[in-house]
Amino acid sequence: MTSDVKEIYSGGAPPAPAALAAKVRTLAPSMTRSMQRVAEAVAADPAGTAALTVTGLAELTGTSEATVVRTARLLGYPGYRDLRLALAGLAAHQESGAAPAVTADIAVDDPIADVVAKLAYDEQQTLADTAAGLDTVQLGAVVTAAAAARRIDIYGVGASGLVGTDLAQKLLRIGLIAHAHSDPHLAVTNAVQLRSGDVAIAITHSGSTGDVIEPLRVAFDRGATTVAITGRPDGAVSQYADHVLTTSTARESELRPAAMSSRTSQLLVVDCLFVGVAQRTYETAAPALAASYEALAHRHSPRTR
């Protein structure tokens, strides 16, 4: 996959109306400014824009009819008519229930109860957006490759490194050979040892972390199946990825760094990947899990004197 954003409809099923807002949030950073204006308009007022013709939406956003159609196709719809139907469905969905009473904006003087409510709402939204935007065809291909892999290397630094460690230890528990690398030098020296039949997974919210891109490039050159888990499918990491799993690009605030919300969405993708692999390798995964539980059971029992 290249780093260029594909503006041509892929031919798959269009996103469900409830997934439209998440799709806009995920892809908006990758769009041209004129396409962003169209995307922002449909996300801000689904009912209003659903009533507009392609010419009307172009006039409203100060763009062209071609830009409106390209935006619709980038969002996953064959044409503008299909986008209008999705907008009408989204508007009906929003009108059927009360709007949320909280936002993710946390003030310095917020009571702790409000902080809990706001963070819980933001986590829920992040998970919903990630689930709505996750390409299950790509996910299935990664599951297939990982389940049959001789070895799985995972690259991530900072908060993404913690997610990589989480994935590695899960895979180890079901009997797979998996290693997480947060040190860029060790990541590259290990990537050199990969070959066809191995899997390399890079986790980077920005899609531009050099310490993660470099080992993935090496793994790609060595013939391993490469995967990017990223919030920016147009980022540099994608040019070395056979498969891209997109996470939610949640909004950052002063007291909630991007690393917090990105980690939430990354963990969901990692859990989906792990469960898929465990299902695919159940005959060996189940005994391996049981053996690991048994080996650690004494560490969770009360100590006797």
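All figures in this text were calculated on a predicted structure; none of them were measured in a lab.

**Concerning the sheet that holds strand β2 (residues 178-181)**
Consider a sheet: its strands pair through backbone hydrogen bonds, and that pairing is either parallel or antiparallel. Pairing is parallel across the open sheet formed by five strands, whose spatial order is β2-β1-β3-β4-β5. With partners counted over all chains shown, the strands left at the sheet margins are β2 and β5 (243-246), one partner each. The average undirected angle you get between the axes of adjacent strands in this sheet is 15°.

**Some remarks on the packing of helix α10 (residues 184-191) against helix α11 (residues 210-221)**
With their axes 8 Å apart at the nearest point, α10 and α11 run at an angle of 10° to one another. Compared by their axis directions, α10 and α11 come out roughly parallel. Side by side, α10 and α11 meet where Pro184, Ala187, Val188 and Ala191 of the first sit next to Asp211, Glu214, Pro215, Val218 and Ala219 of the second. Looking at side-chain class alone, the contact of α10 with α11 contains seven nonpolar, no polar and two charged residues.

**Re the side chain of Asp166**
When you line up the elements, Asp166 lands in helix α9 (residues 159-173). Of note is the side chain of Asp166, whose polar atom sits 2.5 Å from the side chain of Lys170. If near-sequence neighbours (up to four positions away) are discounted, Asp166 is found in contact with Leu267, Val270 and Asp271.

**Describing the nonpolar core**
Ranked by internal contacts, the top residues of the largest apolar core, which has 30 residues, are Ile152, Leu171, Ile174, Ile201, Leu245, Leu273 and Val277. Ile152 has contacts with Ala146, Leu171, Leu176, Ile177, Ala178, His179, Val199 and Ile201, leaving out every residue within four places of it along the chain. Residues Ala58, Val68, Leu74 and Leu83 belong to the second largest nonpolar core, which totals 23 residues.

**Quick look at the confidence of the model for the protein chain**
A low pLDDT score tells you not to read the predicted coordinates there in detail. Residues of the protein chain with pLDDT of at least 70 account for 84%, and the chain-wide mean is 85. When the criterion is pLDDT under 50, residues 1-9 qualifies, and its contacts beyond four places in sequence or with other chains add up to 24 contacts. Note on residues 98-103: pLDDT under 50 across the span, and five contacts to partners over four residues away in sequence or across chains.

**Focus: helix α5 (residues 65-74)**
All of the buried residues in α5 are Thr67, Val68, Thr71, Ala72 and Leu74. Down the axis of α5, the smallest arc covering the buried residues is 165°, so these residues share one side.

**With respect to α10**
The complete set of buried residues in α10 reads Ala187, Val188 and Ala191. The arc that holds the buried residues of α10, viewed along the axis, is 95°, so those residues lie on one side. Where α10 is buried, its residues touch β1 (152-155), β2 and α11. If you check the start of α10, you find a side-chain oxygen 2.9 Å away from the backbone N of His185, and it comes from Asp183.

**So, the environment of Ile203**
Note that Ile203 resides in strand β3 (residues 199-203). Ile203 gets classed as buried once you look at its relative accessible area, which sits at 0%. Residues Ile203 and Ile154 lie 49 residues apart in sequence; the distance between their C-alpha atoms is 7.6 Å. The residues touching Ile203, leaving out its near neighbours within four places in the chain, are Ile154, Tyr155, Gly156, Ser160, Val163, Gly164, Val212, Ile229 and Gln266.

**Re the pattern of salt bridges**
Here the structure, examined in full by the defined rule, presents seven salt bridges. Between Glu40 and Arg33 there is a salt bridge, with the nearest N and O atoms lying 3.7 Å from each other. You can call Glu40 partly exposed: its relative accessible area is 41%. Measuring nitrogen to oxygen at the nearest pair gives 2.5 Å for the salt bridge that ties Lys170 to Asp166. On the criterion of helical spacing, the pair formed by Lys170 and Asp166 is a turn pair, its members being four residues apart in helix α9. A residue is classified by how much of its surface remains accessible, and Lys170, at 16% relative accessible area, is buried.

Criteria and thresholds
- Residues numbered from 1 in each chain as written.
- Predicted model: local features only at pLDDT ≥ 70, side-chain atom pairs only at ≥ 80, totals over all residues.
- Heavy atoms only, no water.
- Pairing = 2+ DSSP bridges.
- Helix = DSSP H or I, 4+ residues; strand = E, 2+ residues; numbered from the N terminus.
- Axes fitted to C-alpha atoms, helices over the stretch in contact; angles between N-to-C directions.
- Parallel < 35°, antiparallel > 145°, perpendicular 65-115°, else oblique.
- Contact = heavy atoms within 4.5 Å.
- Nonpolar A, V, L, I, M, F, W, Y, C, P; charged D, E, K, R; others polar.
- Polar contact = N/O pair within 3.5 Å; in protein donor to acceptor, adjacent residues only side chain to side chain.
- Core = buried A, V, L, I, M, F, W, Y, C linked by side-chain atoms within 4.5 Å.
- Buried < 20%, exposed > 50% of the residue type's maximum accessible area, 1.4 Å probe, protein only.
- pLDDT = per-residue confidence, 0-100.
- Arc of directions from axis to C-beta.
- Salt bridge = Lys/Arg side-chain N within 4 Å of Asp/Glu carboxyl O.

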